[in-house]
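Here is how the chains run, residue by residue.
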Amino acid sequence: MSNPLILIKQHLDDPVHVPVPVFIGRDRIGKTTLLQQVVFPQTHSIYVPMQSYPNDKAWLQALINATQAYFYEQPTGIPDDHTMQTWFKQDELPNLLGRRDRILFLLDDCHHLLHIPTVFDYLSSLLQPRIGLALSFHQDYEEQLDKLAPLKITPHRLRQLTTDAVSTLFAHLAEQDRHHIYKQTSGEPTLLQAYLSHLESSEQSVHTVTSLVYETSVPFFKDRWKRLSHNERLMLTAISNLAYIDPLQKIDAARVESWLIDTEFPMDETTIYATFRSLEYAELLSGTAMNIQIRGEMLKRWLLEHAHLPQTKSKIHNDFRLNRFGWVAIVVLILIAILGVALLGSNSTTQTSPPSIPTIQLGE
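Reading guide: rules and limits
- Residues numbered from 1 in each chain as written.
- Predicted model: local features only at pLDDT ≥ 70, side-chain atom pairs only at ≥ 80, totals over all residues.
- Heavy atoms only, no water.
- Pairing = 2+ DSSP bridges.
- Helix = DSSP H or I, 4+ residues; strand = E, 2+ residues; numbered from the N terminus.
- Axes fitted to C-alpha atoms, helices over the stretch in contact; angles between N-to-C directions.
- Buried < 20%, exposed > 50% of the residue type's maximum accessible area, 1.4 Å probe, protein only.
- Right-handed = clockwise from strand over helix to strand, strands pointing away.
- Phe/Tyr/Trp six-rings, centres within 6.5 Å; stacked < 30°, edge-to-face > 60°.
- Core = buried A, V, L, I, M, F, W, Y, C linked by side-chain atoms within 4.5 Å.
- Contact = heavy atoms within 4.5 Å.

**Structural notes on the sheet that holds strand β4 (residues 131-138)**
Then comes step 1: Taken together, 5 strands build an open sheet; the order of strands is β2-β3-β4-β1-β5 and the sheet is parallel. Whereas interior strands pair on both sides, the edge strands pair on one side only; in this sheet they are β2 (43-49) and β5 (153-157). Taken pair by pair, the neighbouring strands of this sheet meet at an average axis angle of 20°, ignoring direction.

See the structure below:
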């Protein structure tokens, strides 16, 4: 997988011929963080968050405002909208470029611009030897990337960080601590950022910080859970229970199907395979359909604590979730009942025994 910064650098070195990198991903995968941290020598990196604008004038004005805020203490006037596009491209940008300077526009959440047909034509016209672009795009709109034409693009999906990337990010920590962080997070950027924040603000150990990271990340897991389909939730619930029952036994599609049969939400094998692929794509599961694994110990913990079947369904599996103290209480009650029955039977036997008949001995 190519490094995002390398893709941007390659485009910036030849903006006219090298396609514009478009970074695609879900919420909180790191699109905004990536664009905000782009820094290259002799390059003016101008970050512009996009939103849903009513027309082409509004979005261009946002681009101009961000550019002027970067270069000027006090923004200059913007000409009449009939000449705004021409003025910005032919007058303003050339005046801002020094002899060796470059401008890189970093436009975030560009899916908000899809309803304005002229946007990407204009962005394509801005490209020149010293002016480049980098865009971000939400994955829900990935099928509409063709609407960016005539802009030539290189789509790049942002995913969880690899073990090597996590080791680089936490290079100041011991190897076992870096391994622990990756095992807990599976490279999820939101969780890694939480680790960085907590470690920078305290001198606590990585294992102690892990508890803090989990506590502050519960809303993140809850938000991801809300975005899942019914089948995806069912499958994650089944897998988390199976992993809890026997952590050492492999989980495959057959075991998931068997577990769900006992509920009121059965899934056939074909649906299970399709759901696994969907959750794998969402980076919640990994492995194969013959050895399914939950990505990250924190996600596994959250699922055990919060992933429940509906209360009105599957009494069997709701009963399973009783904690070990609950099971002990049940066993004690059963033993008391058995003892009570035994005592009751003993009393009954005593009461029904025939009374002893006194004997009278006649005198000799």
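What follows continues from the structure just given.
**Points about the pairing of β4**
Then comes step 1: With 8 of 8 residues buried, β4 is to be regarded as a mostly interior element.
Then comes step 2: Across the two faces of β4 the burial is the same, with I131, L133, L135 and F137 and G132, A134, S136 and H138 all buried.
Then comes step 3: Pairing of strand β3 (residues 102-108) with β4 involves 5 bridges; the strand directions are parallel. Residue pairing for β4: L107 is matched across the bridge by L135.
Then comes step 4: Regarding the hand of the β-α-β motif, the stretch spanning β3, helix α5 (residues 119-126) and β4 is right-handed.

**What to know about the packing of aromatic side chains**
Then comes step 1: By the definition in use, this model includes 8 aromatic pairs.
Then comes step 2: Seen from their ring centres, Y214 and F221 are 6.5 Å apart, and the 35° between their planes marks the pair as tilted.
Then comes step 3: Y214 gets classed as buried once you look at its relative accessible area, which sits at 4%.
Then comes step 4: Taking the relative accessible area as the measure of exposure, F221 reaches 7% and is therefore buried.
Then comes step 5: Chaining the aromatic ring pairs together yields one cluster made of Y214, F220, F221, W225 and W302.

**Thoughts on unusual backbone geometry**
Then comes step 1: A cis amide bond links A149 to the next residue, P150, at an omega of 15°.
Then comes step 2: Tracing the sequence through the fold places P150 in the loop between β4 and β5.
Then comes step 3: Even without glycine at this site, D109 takes up a positive phi of about 55°.
Then comes step 4: Even without being glycine, S186 reaches a positive phi, approximately 55°.
Then comes step 5: Residue position: S186 is located in the loop between α7 (175-185) and α8 (189-201).

**Re the nonpolar core**
The tendency in soluble globular proteins is for nonpolar side chains to be buried as a group.
Then comes step 1: Ranked by size, the top nonpolar core spans 47 residues in total, and within it F170, I181 and V256 carry the most contacts.
Then comes step 2: Of all elements in the fold, only α8, α9 (206-226), α10 (230-245), α11 (253-261), α12 (269-281), β7 (291-294) and α13 (297-306) reach the threshold of two or more residues within this core.
Then comes step 3: With residues near it in sequence (within four places) discarded, F170 still touches R178, I181, L192, Y195, L196 and L199.
Then comes step 4: Grouped together as the second largest cluster of nonpolar side chains are 38 residues, V20, L93, I116 and Y122 included.

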